[in-house]
2 protein chains.
Amino acid sequence: MTKALEKAARAIEAAQHIVLAGHINPDGDTLGCVLALAHALRELGKDVLALSQDGVPEIYRWMPGADWIEQASDRRDFDLAIVCDAGAIHRVGYAITPVIESAPVLIDVDHHVADGTFGDFRLVDSHASATAELVWKLIGKLSRIYGKTLATRAVADCLMTGIITDTGSFRFMNVTPSTFLLAARLQRLGAVPSRIAELVFEDRSYASLKLLGRALDSLQLIANGRVAWAHVTTQDFEELDATDEDTEGIVNHVRAVHSAQVGILFREIPGRRVRVSLRARDGADVNRIASAFGGGGHRLAAGCSMDPPLALVESAILAEACRELQQPECGPAA
Amino acid sequence: MTKALEKAARAIEAAQHIVLAGHINPDGDTLGCVLALAHALRELGKDVLALSQDGVPEIYRWMPGADWIEQASDRRDFDLAIVCDAGAIHRVGYAITPVIESAPVLIDVDHHVADGTFGDFRLVDSHASATAELVWKLIGKLSRIYGKTLATRAVADCLMTGIITDTGSFRFMNVTPSTFLLAARLQRLGAVPSRIAELVFEDRSYASLKLLGRALDSLQLIANGRVAWAHVTTQDFEELDATDEDTEGIVNHVRAVHSAQVGILFREIPGRRVRVSLRARDGADVNRIASAFGGGGHRLAAGCSMDPPLALVESAILAEACRELQQPECGPAA
């Protein structure tokens, strides 16, 4: 990492026209990284274009520099591209890929464990809680090279947003002592974690809360309470004028049931395949369940898509979940 | 603080029989502090009794030393009492107060802003996110006095629980850079923040999640979306076999609606008065609304109780909320 960091910083030093991109369906980490770099590179007098194919979701529009983001570009004159948090290069989106690929030098900054690392310089560390931790190091390196303080309040706001988003406000297993130490530094620079957490987590659409209500109203336990499941139906989506984006986070509520080792949310999205999200704790492996139906993920979080009807998807997945838990009694909890 | 810390540590050094107590309706901070001190003082060979009048709630029973806690004691032979996180001495509970008062020397460790500080030595700092931050300092001072490492994994687990509980996992306004720095140290000692957050926050009863579902299903917006409100009815409580304890946290979901400055939850608890919980943000003052009906609290969080029927309580409170927001249009949002 140290060597890659040095080389990436030198590549930035050598470049003047730089394009930055995050992944599709952007979250606070990919946007925070792109914007933090945009602030730092502009401060260095670089010509910077920041791209996000799907734009900036409403809950992140307050981020400093959010209005710099463009969704596409015809330019092909960049001498460097930096892709943040993407997992694999195609995840910048079909409209952005040719812009990125037109640049002669490419830097990949990411914390995803993937076969998909790419580029000439790869700042990839799967132990980082968020790509924001790696961007912080890169900006620090640039500060030293240029003898200029690039860690501003704006950079701190952006990177704190990345960390808070990707750690669920320091609740996830990816948090390390380094994450906390960086959070302390970012707060000293002026980032206000409570404000960011409120903006990111406690600012939900009416439709998303109603949808959470419908989902929890459907909550059921099977397998002696070890599997909790819920669904949102086409009817729910239509009555509430809700979109798939409004379902974010619901599965974590399902998994929160005291007795449950596995939580499952089924989404019957109008006009699309049924999406299945699975979460586990205490030793269950939901990746095995999702994989049985062509999906994937990891032990604690996985997903798959299946053809309707909803009821058949539910019975197939729930039967597989009971098998995974070696639970012969797969009916409703007593 | 530094002087008080030194004096408190010297008082502990001079004592052999020490009683520790937290507050009634104990949370993770009061229990974490009592247990962390119990571990440290036992390590120093002291005779220690740890008291919590209301025992240890189920979600905290995993804490190391939780089975040491007693709910009462006939002993009056202590030469030192330490009360953690209580706000005021009577909050240790009527059964514990005489035990504490029988000790000739009393230490108050607390982060509550209160008129209620007490005792011979007062380690009180309202800027600490949790009393755990102050207990950490006290244990550090004792380590130096005795030349002995008292900061063990058990102590770290207890104090991390205090911090995570009292900061809502680093989401509340009380978090400071010092909080993050301490979290980094506690994690290095072996405390696992994700595990603790899961145990504290993501372990909910089936009834409480179903009740949240019912409440959000009832969610409505008025006053151009500036007021969001919801209710849980006697029928909900009875059908779900739920108790008032199962409603905890629901009002925060109600307040989370993007447009809402005020969130209100009405609880029609079987056989009791209707309880009204109010939450605000962005300059609204819900204390004024609650006070108009004999309740109270502060600007951002307040509550009151009123006689049924539910519908009349709702219309009275909602009208007052519209007045508070100077919102003449008090009907449902368009």
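Values in this document were obtained by computation on a predicted structure and should not be read as measured data.

### Some points on the interface of chain A and chain B
- At the interface, 35 residues of chain A touch 35 residues of chain B.
- At the level of elements, helix 6 (177-188), helix 7 (193-201) and helix 8 (206-217) of chain A are the ones that each hand at least two residues to the side of chain A that touches chain B.
- Considering every element that reaches the side of chain A that touches chain B, the biggest residue donor is helix 8 of chain A, with 8 residues.

### Quick notes on the sheet that holds strand 1 (residues 17-21) of chain A
Residues and elements named next belong to chain A.
- Strand order in the open sheet made by the 5 strands is 2-1-3-4-5, with parallel pairing throughout. Two strands in the sheet have a free side with no partner beyond their single neighbour: strand 2 (47-51) and strand 5 (121-124). Neighbour-to-neighbour, the strand axes of the sheet open up by a mean angle of 15 degrees, direction not taken into account.
- This element, helix 1 (residues 2-14), spans strand 3 (80-84), strand 4 (106-110) and strand 5 of the sheet and lies at about 125 degrees to strand 5.
- Strands strand 3, strand 4 and strand 5 of the sheet are contacted by helix 4 (residues 131-146), whose axis makes an angle of about 130 degrees with strand 4.

### A short note on the pairing of strand 11 (residues 301-306) of chain B
Residues and elements named next belong to chain B.
- The pairing of strand 9 (residues 274-280) with strand 11 spans 6 bridges and is antiparallel. Residue pairing across strands places valine 274 opposite methionine 306, the latter belonging to strand 11.
- Of the strand pairs in this sheet, strand 10 (residues 296-297) and strand 11 are connected by 2 bridges, and their pairing is antiparallel. Looking at strand 11, one finds that glycine 296 is bridged to glycine 303.
- Here strand 10 folds back onto strand 11 in antiparallel fashion, the turn holding 3 residues.

### Some details on the relation of the copies chain A and chain B
- Least-squares fitting of chain A to chain B yields an RMSD of 1.4 Å, with the transformation described by 0.0 Å of translation along the axis and a rotation of 180 degrees. What we have between these two chains is a two-fold relation.
- Looking at the interface residues of chain A, 97% of them are also at the interface in chain B, so both copies use one shared face.

### Comments concerning helix 6 (residues 177-188) of chain B
- Along its 12 residues, helix 6 of chain B runs 17 Å from first to last C-alpha, staying within 8% of the 16 Å computed at 1.5 Å per residue.
- The complete set of buried residues in helix 6 of chain B reads Thr179(B), Phe180(B), Leu182(B), Ala183(B), Ala184(B), Leu186(B) and Gln187(B).
- Buried residues in helix 6 of chain B make contact with helix 6 of chain A together with helix 4 (131-146), helix 5 (153-166) and helix 7 (193-201) of chain B.

### Notes on unusual backbone geometry
- For the bond from Pro308(A) to Pro309(A), the omega torsion is 5 degrees, close enough to zero to count as cis.
- Summarising the element assignment, Pro309(A) is placed in the loop between strand 11 (301-306) and helix 12 (310-324).
- The phi torsion at Phe170(B) lies on the positive side, around 65 degrees, for a residue other than glycine.
- By the secondary structure assignment, Phe170(B) is in the loop between helix 5 and helix 6.
- For Phe170(B), a count of 26 C-beta atoms within 10 Å gives the class buried.

### As for the packing of helix 2 (residues 28-43) of chain B against helix 4 of chain B
Residues and elements named next belong to chain B.
- In the contact formed by helix 2 and helix 4, the axes pass within 9 Å of each other and the chain directions differ by 10 degrees. Classed by the angle they form, the pair helix 2 and helix 4 counts as roughly parallel. Seen from helix 2, the contacting residues are Asp29, Gly32, Cys33, Ala36, Leu37 and Ala40; seen from helix 4, they are Thr131, Ala132, Val135, Ile139 and Leu142.
- Classifying every residue of the contact of helix 2 with helix 4 by side-chain character gives 8 nonpolar, 2 polar and 1 charged.

### Points about the pairing of strand 3 (residues 80-84) of chain B
All names here are of chain B.
- Most of strand 3 is tucked away: 5 of the 5 residues are buried.
- Strand direction decides the pairing type here: strand 1 (residues 17-21) and strand 3, joined by 4 bridges, are parallel. Residue pairing for strand 3: valine 19 is matched across the bridge by alanine 81.
- Note: strand 3 against strand 4 (residues 106-110), 4 bridges, orientation parallel. Within strand 4, the position partnered with valine 83 by the bridge is aspartate 108.
- Handedness of the crossover is the feature at issue here: the chain leaves strand 3, passes through helix 3 (residues 97-102), returns alongside strand 4, and the resulting connection is right-handed.

### Some words on the nonpolar core
- Formed by 142 residues in total, the largest nonpolar core has its most connected members in Leu20(A), Val135(A), Leu20(B) and Val135(B).
- Sequence-distant contacts of Val135(A), that is, excluding residues within four places in its chain, are made with Cys33(A), Ala36(A), Leu37(A), Cys84(A), Val109(A) and Leu159(A).
- Counting 85 residues, the second largest nonpolar core, distinct from the first, contains Ala321(A), Val262(B), Leu265(B) and Ala280(B).

### Quick word on the environment of Arg195(A)
- Tracing the backbone shows Arg195(A) in helix 7.
- Expressed as a C-alpha distance, the spacing of Arg195(A) and Gly331(A), which sit 136 residues apart in the sequence, is 44 Å.

### A short note on the domain arrangement of chain A
- On domain assignment, one finds that chain A holds domain 1 (2-201) and domain 2 (206-324).
- Each of domain 1 of chain A and domain 2 of chain A has a C-alpha centre, and these two points are 31 Å apart.

### As for the sheet that holds strand 3 of chain B
Residues and elements named next belong to chain B.
- Here 5 strands make up an open sheet; going across it, the order is 2-1-3-4-5 and the pairing parallel. Of all the strands in the sheet, the pair left with one neighbour each is strand 2 (47-51) and strand 5 (121-124). Along the sheet, successive strands turn relative to each other by an average axial angle of 15 degrees, direction set aside.
- Bridging between strand 1 and strand 2 involves 5 bridges; their strand directions are parallel. Within strand 2, the residue paired with alanine 21 across the bridge is leucine 51.
- Here helix 2 sits on the sheet and contacts strand 1, strand 2, strand 3 and strand 4; the angle it forms with strand 2, its principal contact strand, is near 170 degrees.

Rules used throughout
- Residues numbered from 1 in each chain as written.
- Chains lettered and ligands numbered in written order.
- Predicted model: local features only at pLDDT ≥ 70, side-chain atom pairs only at ≥ 80, totals over all residues.
- Contact = placed C-beta atoms within 7 Å.
- Helix = DSSP H or I, 4+ residues; strand = E, 2+ residues; numbered from the N terminus.
- Pairing = 2+ DSSP bridges.
- Axes fitted to C-alpha atoms, helices over the stretch in contact; angles between N-to-C directions.
- Least-squares fit on C-alpha atoms with pLDDT ≥ 70 in both.
- Expected span 1.5 Å × (residues − 1).
- Buried ≥ 20, exposed ≤ 12 C-beta atoms within 10 Å, placed from the backbone.
- Parallel < 35°, antiparallel > 145°, perpendicular 65-115°, else oblique.
- Nonpolar A, V, L, I, M, F, W, Y, C, P; charged D, E, K, R; others polar.
- Right-handed = clockwise from strand over helix to strand, strands pointing away.
- Core = buried A, V, L, I, M, F, W, Y, C linked by C-beta atoms within 7 Å.
- Domains from an automatic or database assignment.

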